[in-house]
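# Survey of secondary and tertiary structure
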Amino acid sequence: MISRSMTDLGILRSREPRPSLEVQASGLEKNGIDLREIAATALRKLAEADPKLIATVYLFGTISINFGDFEPSEFLIPVGTERAVQRVLQALNAGVARLGPDVKSRMSDYVRPSDGVPFLHIEGGKVWEPEDALTWFTHTDDPASASELAHEASPQPSTQPAESESDWLDDSDEKELPDIEDPSAHTRLAKPLRVRRARSDASVGSIKSNIEQVFGLPEGSVALCGPDGKALRSDALIKTLRGRWE
């Protein structure tokens, strides 16, 4: 396994709606299927066959009626060139289709990647997965060392503000938000969004950024404070925040 800082990878971002692959969440849960593992496996052959391909796949979960009922769906949204997006969608669709009829999927609505979280990234012929809020890793048979890889040329990091991290959620306490009217929505997706407890090891800064993004609030408008009313530093951990209130 090789790890890299998120800033060393060319993570692609977009606020424009992109085509997506929708997977019904209940089929995954009933069969104990890890969607990230399935998606990563489906993309590895594509990445190895085209080392120059760069794409970032975002994950967005919400209630959908596209399978006939109001049920949770997971949307996989690739960001990249038009060619890259189509190739990634085809690979993901083929990978999920192999799961059989118990897991429903379809090419679906255009969804804004910025509504979701970075889920997988293809670069340098490898598929990268988030290890924590700052680090991504790849399973590889490449004998090159991590230090050698660090010197490889990589795309310049995006100058856009960082999007939400993939590991800031805790699935153990999933809740739903009440209906939120969103006149700027670009999809037919139904609300409410599915939200989960923040992970204890997530940073205060990442949670603030995600709250601002989910609710469309101005950057810097959210503060997470202790009982004394003082805002915690962005690099403080959520477990520190909880500890001050206990």
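I will try to describe carefully the structure that is included in this document. Within every chain, residues take consecutive numbers counted from 1 along the sequence as written. For a predicted model such as this one, the threshold for reporting local features is a pLDDT of at least 70, and the threshold for listing and counting side-chain atom pairs is 80 or more; totals across whole chains, interfaces and linings nevertheless cover every residue. Note that the side-chain values use all heavy atoms of the structure and ignore hydrogens as well as water.

A word on helix α2 (residues 35-49). Strands here are runs of E lasting at least two residues and helices are runs of H or I lasting at least four, both read from the DSSP assignment and numbered beginning at the N terminus. For a helix, the expected span equals 1.5 Å multiplied by the residue count minus one. Its 15 residues give α2 an end-to-end C-alpha distance of 22 Å, which sits within 8% of 21 Å, the value for a rise of 1.5 Å per residue. For α2, the principal kink sits at Leu-43 and spans about 30°. Burial status follows relative accessibility: with a 1.4 Å probe on protein chains alone, a residue under 20% of its type maximum counts as buried, one over 50% as exposed, and anything between as partly exposed. Looking only at α2, the buried set comprises Leu-35, Arg-36, Ala-39, Ala-40, Ala-42, Leu-43, Leu-46 and Ala-47. Whenever a nitrogen or oxygen atom comes within 3.5 Å of another N or O atom, the pair is scored as a polar contact, on the condition that within protein one atom can donate a hydrogen and the other can accept it, and that pairs from neighbouring residues in sequence are kept only if both atoms are in side chains. Its side-chain oxygen 3.0 Å from the backbone nitrogen of Arg-36, Asp-34 forms the N-cap of α2. Given a residue, its bend is the angle between the two axes fitted to the seven residues that end at it and to the seven that start from it.

Take the packing of aromatic side chains next. Centres within 6.5 Å make a pair out of two Phe, Tyr or Trp rings, where for Trp the six-membered ring is used; the pair is then stacked when the planes are under 30 degrees apart, edge-to-face when over 60, and tilted otherwise. Following the criterion strictly, the structure yields 1 aromatic pair and no others. Here Phe-60 and Phe-75 contribute two aromatic rings whose centre-to-centre distance is 6.4 Å and whose plane-to-plane angle is 40°, an arrangement assigned as tilted. Here Phe-60, found in strand β3 (residues 55-64), pairs with Phe-75, found in strand β4 (residues 71-79); they are 15 residues apart in sequence, far enough to count as distant.

Bringing helix α3 (residues 82-97) into the picture now. For α3, spanning 16 residues, the distance from its first C-alpha to its last is 22 Å, which sits close to the expected 22 Å at 1.5 Å a residue. Along α3, the residues that are buried comprise Ala-84, Val-85, Val-88, Leu-89, Ala-91, Leu-92, Gly-95 and Val-96. One face of α3 carries all of its buried residues, which in axial projection span an arc of 165°. In α3, those exposed residues whose orientation departs by more than 90 degrees from the buried face are Glu-82, Arg-83, Gln-90 and Ala-97. Contact criterion: two residues are considered in contact whenever any of their non-hydrogen atoms come within 4.5 Å of each other. Next to the buried residues of α3 lie β2 (18-24), α2, β3, β4, β5 (105-111) and β6 (117-123). To be clear, the arc concerns the directions from the helix axis to the C-beta atoms.

Turning our attention to the side chain of Thr-56. Position of Thr-56 relative to the elements: it lies in strand β3. Judged by its relative accessible area of 0%, Thr-56 falls in the buried class. Ignoring any residue separated from it by four or fewer positions in sequence, one finds Thr-56 in contact with Gly-10, Ile-11, Leu-12, Ile-77, Pro-78, Val-79, Leu-120 and His-121.

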